[in-house]
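Understanding the architecture of this molecule
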Amino acid sequence: MHPPPAAPIRWPAEAIWEAVAPVLPGFTVEVLPQLDSTNTELMRRFRAAGPDACAPVLLVAEQQTAGRGRMGRSWQSSVGDSLTFSLGLPLKPADWSGLSLAVGISIAESLEPGNPAAPAIRLKWPNDLWLGNTSGESKLAGILVETANWGEQRYVVIGVGINVRPMAQPLTPAGAGQPAALAPGALQALQPGIDVAQTLLRVAAPLVQAVQAFGLFGFAPFQARYAARDALAGRAVQLSDGTQGVAHGVGENGALLVHTAAGMKEITSSEVSVRPVTPPTAGSARPC
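Residue numbers run consecutively from 1 along every chain, following the written order of its sequence. Only residues with pLDDT of at least 70 get local features here, since the model is predicted, and only at 80 or more are side-chain atom pairs given and counted; chain-wide, interface and lining totals rely on the full set of residues. Hydrogens and waters are ignored; side-chain quantities use all the structure's heavy atoms.

**Notes on the overall build of the chain**
Where we set the bar: Numbered from the N terminus, helices here are DSSP runs of H or I no shorter than four residues, and strands are runs of E no shorter than two. Relative accessible area decides the class of each residue, using a 1.4 Å probe on protein chains only: under 20% of the type maximum gives buried, over 50% gives exposed, and in between gives partly exposed. Contact criterion: two residues are considered in contact whenever any of their non-hydrogen atoms come within 4.5 Å of each other. All accessibility values rest on the Shrake-Rupley procedure with a 1.4 Å probe; residue burial counts only the protein chains present in the view.
When helices and strands are tallied, the chain shows five helices and 16 strands. Buried residues in the chain amount to 50% of all 288 residues. Counted over contacts in the chain with a minimum sequence separation of 6, partners at least 24 positions apart contribute 69%. Of the roughly 13100 Å² that the chain leaves accessible, carbon and sulfur atoms contribute 55%.

Listed below in structure tokens is the structure:
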């Protein structure tokens, strides 16, 4: 006998719209059953219609067939296992540096509210959320920020993938020649019973507020909050060019500070991929 079909996901689109629309005029929420990638779709719309496609939107896909991560990595997602969405909106910050970090802070604080002395959700520069500590870490979420220009108009698309349920089967690794990924984590390990719809409701409105604050003030107001969840601080790291050193947090511009044999270096997200020299637990890639 075949198992009964899963119940439809009851997405809180109206509740999110009511929370966000007063502070973000023109905001809409859209949920689609399947897409190649929410980031790709919003970029397609902007490039096809230009400023006419600049109205702020939260686009959710119940399933992504060709999700993308940083540095071209491919990601998969299954219905109900992972929350995958993109927030697209016009934005004109004085400095774009640190936006992915501000996004990560907002998501981590929404999923683990309060001010825990030893947070379970931590931030791995520049775009991942890790679950656990140095004795056992897994990847909980990933962020992909993309921008496009049309004349004077600047449009940003912030893609987020959060692992909510443990996977029934392992996924194919990201690709040959890429660094080993952490084993996938799941939000339900921290908060049993939470589902993708509840997760979206928790993170959506605070994320919009964080992005708006970043547009006005940049990364500096987020720096201390990032430090409280910094997964790399004080740990040996290796840069993509082979340089090794010890991570010393991030600067006011969101750059990673690494003390190397040649002295302190400021590393920006466009220059390197950073991983601990000895990753805690290697495993298959997970949709983010």
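And the narrative resumes.
**A short note on the pairing of strand E14 (residues 263-267)**
Heads up, the rule is: One requirement defines pairing of two strands: DSSP has to find at least two bridges between them.
Note: strand E13 (residues 256-260) against E14, five bridges, orientation antiparallel. Residue His259 lies in a different strand from E14, and its bridge partner there is Met264. Two successive antiparallel strands, E13 and E14, enclose a turn made up of two residues.

**Remarks on the packing of aromatic side chains**
Under the convention used in this document: A pair of Phe, Tyr and Trp rings is counted when the ring centres sit within 6.5 Å of each other, with Trp represented by its six-membered ring. The angle between the planes then sorts it: under 30 degrees is stacked, over 60 is edge-to-face, the rest tilted.
As enumerated under the stated definition, the model contains four aromatic pairs in all. With 6.5 Å between their ring centres and 70 degrees between their planes, Phe219 and Tyr226 make a pair best called edge-to-face. Each member of the pair, Phe219 together with Tyr226, is buried. Taken together, the aromatic side chains of Phe46, Trp150 and Tyr155 make up a single cluster linked through ring pairs.

**Structural notes on helix H2 (residues 38-49)**
Our working definition: Helix span, expected: 1.5 Å multiplied by one less than the number of residues in the helix. In protein, a polar contact requires one atom able to donate a hydrogen and another able to accept it; more generally it is a pair of N or O atoms within 3.5 Å, and residues adjacent in sequence count only if both atoms are side-chain atoms.
Spanning 12 residues, H2 covers 17 Å between terminal C-alpha atoms, matching the ideal 16 Å at 1.5 Å per step. Within H2, burial applies to Thr38, Asn39, Thr40, Glu41, Leu42, Met43 and Phe46. Near the N-terminus of H2, the side chain that reaches the backbone nitrogen of Asn39, with its oxygen 3.3 Å away, is that of Ser37.

**Observations concerning the pairing of E13**
Most of E13 is tucked away: four of the five residues are buried. The sheet contact formed by strand E12 (residues 244-250) and E13 spans four bridges and is antiparallel. Its bridge partner being in E13, Gly245 is matched across the sheet by Thr260.

**Some points on the sheet that holds strand E5 (residues 82-90)**
Where strands meet in a sheet, backbone hydrogen bonds hold them as pairs that are either parallel or antiparallel. Where we set the bar: In this analysis, axes come from line fits to C-alpha atoms, helices being fitted only over the stretch in contact, and the angle between any two N-to-C directions falls in the range 0 to 180 degrees.
Ordered by their spatial adjacency, seven strands build an open sheet running E1-E2-E5-E9-E8-E7-E6, and the pairing between neighbours is mixed. Edge positions in the sheet fall to strand E1 (28-32) and strand E6 (121-124), since each of these pairs with one other strand and no more. Mean inter-strand twist for the sheet, computed between neighbouring axes without regard to direction, equals 20 degrees. Here H2 sits on the sheet and contacts E1, strand E2 (57-61), E5, strand E8 (136-150) and strand E9 (153-163); the angle it forms with E8, its principal contact strand, is near 5 degrees. Together, E6, strand E7 (128-133), E8 and E9 form the strand contacts of helix H3 (residues 99-111), whose direction differs from that of E9 by roughly 40 degrees.

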